[in-house]
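Letter by letter, the chains look like this.
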Amino acid sequence: MDRRFVEEPYPFQSHLGFNLTEWREGFARFEQPTLEHLGNRHGNLHGGVHATLLDTAMGYAGCWTGDPDRRQMALTLSLTVNYLGRSEGQRMIAEARLTGGGRRSFFAEGEVRDEDGVVLATGSGVFRYRDG
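Residues numbered from 1 in each chain as written. Predicted model: local features only at pLDDT ≥ 70, side-chain atom pairs only at ≥ 80, totals over all residues. Heavy atoms only, no water.

Student: In this structure, what is going on with the overall build of the protein? I would like to understand it.
Tutor: Looking only at helices and strands, the protein features 2 helices and 6 strands. Helices and strands appear in the protein in the N-to-C order α-β-β-α-β-β-β-β. In terms of overall dimensions, the protein is globule-like: its C-alpha atoms have a radius of gyration of 14 Å, near the 14 Å expected for 132 residues. With the C-alpha coordinates aligned to their principal axes, the bounding extent of the protein is approximately 45 × 30 × 25 Å. The buried share of the protein, taken over its 132 residues, is 34%. By element, 45% of the accessible surface of the protein is carried by carbon and sulfur atoms, the whole surface being about 7700 Å². (Helix = DSSP H or I, 4+ residues; strand = E, 2+ residues; numbered from the N terminus. Rg over C-alpha atoms; globule rule 2.2 N^0.38 Å. Buried < 20%, exposed > 50% of the residue type's maximum accessible area, 1.4 Å probe, protein only. Areas by Shrake-Rupley, 256 points an atom, 1.4 Å probe, with all protein chains shown as cover.)

Have a look at this one:
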């Protein structure tokens, strides 16, 4: 991936530990190590981590400009997450695709899987473009 498009992690991203690993027109991928502090009461990965990865990847998928000096931002209007599996893996991979939209808003879909390819969650979202 072209390093010019990698932004500094924002505080919540730094806390969770996920990173952008691919970003191009209509597509984004983030990767998250499975860390102990991300667990729930059962010792499984908290579902909010899956939701965060989907929300982030889908938002980025719709905000590609092709120009590292021109940032496009978006707000999430609607987010649906479907939890499908549980992972024993050490890394989660969230991939998202832009599926449609217009001048003011866009739609995206994504999935979270582990490094073995087990699908953990899928999602869809509606996002509104905003300035800077």
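Student: Sorry, what's going on with the nonpolar core here?
Tutor: One broad rule of soluble globular proteins: the nonpolar side chains tend to lie buried together. Counting 26 residues, the largest nonpolar core has Phe30, Leu53, Met92 and Val112 as the members making the most contacts within it. For this core, the elements supplying multiple residues, two or more each, are β1 (19-24), β2 (27-33), α2 (47-61), β4 (91-101), β5 (105-114) and β6 (119-130). For this core, the element with the highest residue contribution is α2, accounting for 7 residues. Each residue touching Val112, except ones within four places of it in the same chain, is listed here: His50, Leu53, Leu54, Met92, Ile93, Ala94, Val118, Val119, Leu120 and Ala121. (Core = buried A, V, L, I, M, F, W, Y, C linked by side-chain atoms within 4.5 Å. Contact = heavy atoms within 4.5 Å.)

Student: Help me understand the pairing of β4 in this model?
Tutor: Judged from the 7 bridges that link them, β2 and β4 form a sheet pairing that is antiparallel. Across the sheet, the residue bridging to Arg29 is Glu95, located in β4. Here β4 pairs with β5 via 9 bridges, running antiparallel. Each residue of the ladder has a partner; that of Ala94, found in β5, is Val112. (Pairing = 2+ DSSP bridges.)

Student: I would appreciate a short explanation of the sheet that holds β5 in the present structure.
Tutor: Each strand in a sheet pairs with its neighbour through backbone hydrogen bonds, running either in the same direction (parallel) or in the opposite one (antiparallel). Strand order in the open sheet made by the 6 strands is β1-β2-β4-β5-β6-β3, with antiparallel pairing throughout. Strands with a single pairing partner mark the edges of an open sheet, and in this sheet they are β1 and β3 (73-83). In this sheet, adjacent strand axes meet at a mean angle of 20° when their direction is disregarded. Pairing analysis gives 5 bridges linking β1 to β2, with the strands arranged antiparallel. (Axes fitted to C-alpha atoms, helices over the stretch in contact; angles between N-to-C directions.)

Student: Looking at this model, I keep getting lost on the layout of surface pockets. Mind explaining?
Tutor: If you roll a probe as big as a water molecule over the atoms, it shows you where there is empty space left. Counted as a void, the largest pocket has a volume near 390 Å³. Lining the largest pocket are 17 residues, with Tyr10, Thr56, Tyr60, Met73 and Ala74 sitting closest to its centre. Elements with a minimum of two residues in the lining of the largest pocket: α2 and β3. Here the lining of the largest pocket takes 5 residues from α2, the largest share from any one element. Its residues placed into classes, the lining of the largest pocket shows 8 nonpolar, 5 polar and 4 charged. The calculated volume of the second largest pocket comes to roughly 310 Å³. In this structure, the second largest pocket is lined by 21 residues; those nearest its centre are Thr34, Gly43, Asn44, Leu45 and Ser87. Each residue belonging to the lining of the second largest pocket can be placed in one class, and the counts come to 7 nonpolar, 11 polar and 3 charged. (1 Å grid on protein atoms, 1.4 Å probe; cavity = no way out; pocket = protein on both sides within 12 Å on 5 of 7 lines; lining within 4 Å. Points joined across faces, edges and corners; volume = space filled by probe spheres on them. Nonpolar A, V, L, I, M, F, W, Y, C, P; charged D, E, K, R; others polar.)

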